[in-house]
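Letter by letter, the chains look like this.
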Amino acid sequence: MAQNIPRHVGIIMDGNGRWAQRQGLLRTVGHRFGTETVQRAMEYMSRAGVSVLTLYAFSTENWKRPEKEIATIMSLLSEYLYKKTPEMRSSGVRLNFIGDLSRIPEESMKAVRYAVDELRNGSGLKVNIALNYGGRAEIVTAVRSLADDVARGRLRPEDITEDMISARLYTADDPDPDLIIRTGAETRLSNFLTWQSAYSELYFTPTLWPDMQDSDFDAALEYYSSRDRRYGGLNNA
Ligand code: FPP
């Protein structure tokens with residue numbers, strides 16, 4: 001196993017639709033198999049000693065997909081939460097959702113509230129599920145809240161710092177992601193953790209999400225371990 005373990009890993013889980021289509025199956029079948037990989041990823045990252053895992057499950061742009069596909073993703077999420085919560089509880093997972101949940105169907109929200117509540121005392125891996133999440137929208141919300149403080153005379157514009165913005169994001173309690181993995185061959189961040197990813201190492205793999213195995217996660221962590229993170233400074237090794 002890799003030596004430098006990232007504290008926070010973000011994953012853009014891409015390729016479910018292509019995985020299914022390649023086998024002549026419906027795209028939604030790909031999402032179902034994708035949930036198996038979600039389980040593998042959580043177990044793997046727990047074992048590896050990662051502290052925070054953020055999974056991009058549904059972006060603000062995903063509403064443009066056919067209604068039926070959206071409904072399937074939402075029901076797969078609820079099914080996953082009801083079925084896997086006892087297991088996640090035994091392994092110490094703490095669950096958190098990031099994104100604008102006001103648009104999430106009530107049925108799914110029931111499952112979200114149930115799982116978050118059941119897992120609130122988890123002392124192991126913290127899992128953030130990004131749902132109706134968009135990085136730019138998250139920054140806009142933070143900026144509005146700062147602007148409100150300025151308008152009320154509680155803050156001067158020149159006193160605004162990067163830390164104040166970080167503290168008003170959904171991930172305020174988490175370290176920035178050290179490593180972001182994207183599966184499915186695309187090489188972009190697609191509005192995922194836009195502010196938080198400023199210094200993240202990026203790992204892109206052509207492997208489609210349902211095909212990701214422990215050995216593929218090993219490869220991502222090995223890659224991270226081999227990077228020399230300088231944050232814009234000089235290497236003093
Ligand atoms: C990307 O594949 C995947 C999604 C947009 C949905 C991911 C959702 C799940 C795996 C199910 C529920 C999540 C949890 C956390 C249990 P894609 O459809 O964009 O694939 P493509 O690029 O091949 O079309």
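We now turn to the structure provided with this report. This one's a predicted model, so the numbers in the text were calculated from it and none came from an experiment.

A few words on the pairing of strand 2 (residues 52-59). The buried fraction of strand 2 amounts to 7 of the 8 residues, a majority that puts the element mostly inside the structure. As judged from the 5 bridges shared by strand 1 (residues 8-12) and strand 2, these two strands associate in the parallel manner. From the neighbouring strand, Ile 11 faces strand 2, where its bridge partner is Leu 55. Bridge count for strand 2 against strand 4 (residues 126-133) is 7 bridges, and the pairing is parallel.

At Ser 190, a residue that is not glycine, the phi angle is positive and equals roughly 45 degrees. Looking at the element boundaries, Ser 190 is found in the loop between strand 5 (179-182) and strand 6 (201-204). In the Ramachandran plot, Leu 193 falls in the positive-phi region, its phi being about 45 degrees despite a non-glycine side chain. Positionally, Leu 193 belongs in the loop between strand 5 and strand 6. Judged by relative accessible area, which is 0%, Leu 193 ranks as buried.

The subject of this paragraph is the site of the ligand. Residues in contact with the ligand amount to 17 residues; listed here are only the nearest, Met 13, Asp 14, Arg 18, Arg 27 and Arg 65. For the ligand, an oxygen atom lies 2.7 Å from a polar atom in the backbone of Arg 18. Within the contact set of the ligand, an oxygen atom lies 2.8 Å away from a side-chain nitrogen or oxygen of Arg 65. Alone, the ligand offers 630 Å² of accessible surface; in the complex the protein occludes 92% of this. Among the secondary structure elements, those contributing two or more residues to the shell around the ligand are helix 1 (16-22), helix 2 (27-48) and helix 3 (67-90). Counting residues per element, the shell around the ligand draws most heavily on helix 2, at 4 residues. Looking at the shell around the ligand residue by residue, the class counts come to 6 nonpolar, 7 polar and 4 charged.

Sheet topology note: the strand 3 (residues 94-98)/strand 4 ladder contains 5 bridges and is parallel. Looking at the pairing, Ile 98 lines up with Ala 130 of strand 4. This β-α-β element, strand 3 to helix 4 (residues 106-118) to strand 4, shows left-handed connectivity.

Taking strand neighbours across the sheet as the criterion, the 6 strands line up as 3-4-2-1-5-6 in an open arrangement whose pairing is parallel. The open sheet is flanked by strand 3 and strand 6, the only strands paired with a single partner. Here the strands of the sheet are splayed against their neighbours by 20 degrees on average, with no regard to which way each runs.

A few words now on the side chain of Ser 200. The topology assignment puts Ser 200 in the loop between strand 5 and strand 6. Classification of Ser 200 by relative accessible area gives buried; the value is 11%. At 2.7 Å, the side chain of Ser 200 forms a polar contact with the backbone oxygen of Pro 177. Contact partners of Ser 200, with chain neighbours within four places excluded, come to Pro 177, Asp 178, Ile 180 and Arg 229.

Moving on: the packing of aromatic side chains. Applying the stated rule across the entire model yields 10 aromatic pairs. Geometrically, the ring pair formed by Trp 19 and Phe 33 is tilted, given 4.8 Å between the ring centres and 40 degrees between the ring planes. Taken as a pair, Trp 19 in helix 1 and Phe 33 in helix 2 lie far apart in primary sequence, 14 residues in all. On the basis of relative accessible area, Trp 19 is assigned to the buried category, the value being 11%. Ring pairs connect the aromatic residues Tyr 56, Tyr 133, Tyr 170 and Phe 192, which therefore count as one cluster.

Each value, and the rule that gives it
Residues numbered from 1 in each chain as written. Predicted model: local features only at pLDDT ≥ 70, side-chain atom pairs only at ≥ 80, totals over all residues. Heavy atoms only, no water. Buried < 20%, exposed > 50% of the residue type's maximum accessible area, 1.4 Å probe, protein only. Helix = DSSP H or I, 4+ residues; strand = E, 2+ residues; numbered from the N terminus. Pairing = 2+ DSSP bridges. Near = heavy atom within 4 Å. Polar contact = N/O pair within 3.5 Å; in protein donor to acceptor, adjacent residues only side chain to side chain. Areas by Shrake-Rupley, 256 points an atom, 1.4 Å probe, with all protein chains shown as cover. Nonpolar A, V, L, I, M, F, W, Y, C, P; charged D, E, K, R; others polar. Right-handed = clockwise from strand over helix to strand, strands pointing away. Axes fitted to C-alpha atoms, helices over the stretch in contact; angles between N-to-C directions. Contact = heavy atoms within 4.5 Å. Phe/Tyr/Trp six-rings, centres within 6.5 Å; stacked < 30°, edge-to-face > 60°.

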